[in-house]
Amino acid sequence: MKILLDHDGLVLYQESYFNATLEEITKDITWRNDTITMFGKTYPQPRLTAWHGDLDLAYSYSKIKMISPGWTPKLFEIKNRLEIDLKTKFNSVLVNYYRNGLDHMSYHSDNEKELGTNPIIASLSFGEKRKFLLKHRFEKSLAPLQFELSSQSLLVMKGELQHFWVHKIAKSTKIKDPRLNLTFRFIHN
Ligand SMILES: O=C(O)CCC(=O)C(=O)O
């Protein structure tokens, strides 16, 4: 895999990792469009989400609690492949569906305590290419790093990355087509 970042954490990237269409992956997925509350106001999340993995496994972020309905066959197939290639275990996947360029994800780090101290997160993309940005939390003079995640690619975040960097999917008014992202995780409950 190609190293995209190795300062205060590690980000690896591989193009053409898993050959499937967006439609094949979204089959049997149970979608949610949860609300988030910001400054006392409630909004629908700017994307659709789903949570799959070992049956009944729970995960919470931004006050949203999700319980896994189990694996779909395709997500289970990808998880097994990742476990072999990355020599680590995953018990769940957060699915994000960006309906068009206006759907996005703001800067955050994946630092919920159920993920453990230095989680390995495997992130697969399908469909439209989107810009993935990484910004250092403390070194304010470092410009954000920007990468395009292509369809069927794999990005791996590991080491101390979530302590030092935040990441986001930027908005773009030019993009009309959907993108699907799968982030495989291991939840310690
Ligand atoms: O869609 C993406 O590539 C990013 C997803 C993400 O940041 C997350 O699930 O925490």
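Look above for the structure.
S.K.: Teacher, can you tell me more about the overall build of the protein here?
M.R.: The helix and strand tally for the protein stands at three helices and 15 strands. The C-alpha atoms of the protein give a radius of gyration of 16 Å, which matches the 16 Å a tight globule of 189 residues would have. For the protein, the C-alpha atoms occupy an extent of roughly 45 × 40 × 35 Å along the three principal directions. Here the analysis covers contacts within the protein between residues at least 6 apart in sequence; of these, 73% occur between residues at least 24 apart.

S.K.: Even after reading the chapter, I still don't get the pairing of strand 5 (residues 48-53), so can you show me in this structure?
M.R.: Moving residue by residue along a regular strand, the side chains alternate between the two faces of the sheet. Of all six residues making up strand 5, five are buried, and the element is well covered by its neighbours. Here six bridges tie strand 5 to strand 8 (residues 92-98), and the two strands are oriented antiparallel to one another. Paired with Thr49 across the bridge in strand 8 is Asn96.

S.K.: How do you make sense of the sheet that holds strand 9 (residues 105-108) when you look at a structure like this?
M.R.: Strand-to-strand pairing in sheets goes through backbone hydrogen bonds, with the strands running parallel or antiparallel. On the basis of which strands lie adjacent, the open sheet formed by four strands has the order 9-14-11-12 and antiparallel pairing. The sheet is open, and its two borders are formed by strand 9 and strand 12 (145-149), each paired with just one other strand. Shown here is a sheet whose adjacent strand axes are inclined to one another by a mean of 15 degrees, direction ignored. Pairing between strand 11 (residues 130-136) and strand 14 (residues 165-169): five bridges, direction antiparallel. Opposite Lys135, over in strand 14, you have Val166 as the bridge partner.

S.K.: Teacher, can you tell me more about the nonpolar core here?
M.R.: Buried together is how nonpolar side chains tend to be arranged in soluble globular proteins. Val95, Ala122, Leu124 and Leu182 are the most contacted members of the largest nonpolar core, which totals 37 residues. By residue number, the principal contributor to this core is strand 8, which donates five residues.

S.K.: Would you take a moment to explain the site of the ligand for this structure?
M.R.: Around the ligand, a shell composed of Leu94, Asn96, Met105, Asp110, Ser123, Phe132, Leu149, His167, Ile169, Asn181 and Thr183 is seen. At the level of elements, strand 8, strand 14 and strand 15 (179-185) are the ones that each hand at least two residues to the shell around the ligand.

S.K.: Hey, could you run me through unusual backbone geometry in this one?
M.R.: Comment: phi is negative for the bulk of residues other than glycine, and the bulk of peptide bonds are trans. Positioned with a positive phi, Asp8 is a non-glycine residue whose angle comes to about 60 degrees. Along the chain, Asp8 falls in the loop between strand 1 (2-5) and strand 2 (10-14). In this model, Gln152 sits at a positive phi of 75 degrees, which is unusual for a non-glycine residue. On the secondary structure map, Gln152 appears in the loop between strand 12 and strand 13 (154-158).

S.K.: Whenever I open this one, the environment of Leu180 confuses me. Can you help?
M.R.: Here Leu180 lies in strand 15. Taking the C-alpha atoms as reference, Leu180 lies 9.9 Å from Thr21; in sequence the two are 159 residues apart.

S.K.: Where do I start with helix 2 (residues 73-86) in this structure?
M.R.: Three or four residues apart is the spacing at which side chains of an α-helix point the same way, because the helix has 3.6 residues per turn. For helix 2, built from 14 residues, the straight-helix expectation of 20 Å at 1.5 Å per residue is met to within 8% by its first-to-last C-alpha distance of 20 Å. Considered for burial, the residues of helix 2 that qualify are Leu75, Ile78, Lys79 and Leu82. Take helix 2 and look down its axis: the buried residues cluster within an arc of 105 degrees, on one side only. Exposed residues lying more than 90 degrees from the buried face of helix 2 are Pro73, Asn80 and Ile84. Directly beyond the C-terminal end of helix 2, a positive phi value near 50 degrees is found at Lys87.

S.K.: I'm lost on the sheet that holds strand 5 in this one. Help?
M.R.: With respect to topology, seven strands assemble into an open sheet ordered 1-2-13-10-15-8-5, the strand pairing being antiparallel. Each edge of the open sheet carries a strand with a single partner, namely strand 1 and strand 5. Each strand axis lies, on average, 20 degrees off the axis of its neighbour in the sheet, ignoring direction.

Reading the values: rules and limits
Residues numbered from 1 in each chain as written. Predicted model: local features only at pLDDT ≥ 70, side-chain atom pairs only at ≥ 80, totals over all residues. Helix = DSSP H or I, 4+ residues; strand = E, 2+ residues; numbered from the N terminus. Rg over C-alpha atoms; globule rule 2.2 N^0.38 Å. Contact = placed C-beta atoms within 7 Å. Buried ≥ 20, exposed ≤ 12 C-beta atoms within 10 Å, placed from the backbone. Pairing = 2+ DSSP bridges. Axes fitted to C-alpha atoms, helices over the stretch in contact; angles between N-to-C directions. Core = buried A, V, L, I, M, F, W, Y, C linked by C-beta atoms within 7 Å. Near = placed C-beta within 6 Å. Expected span 1.5 Å × (residues − 1). Arc of directions from axis to C-beta.

Just distances and angles here, no functional claims.
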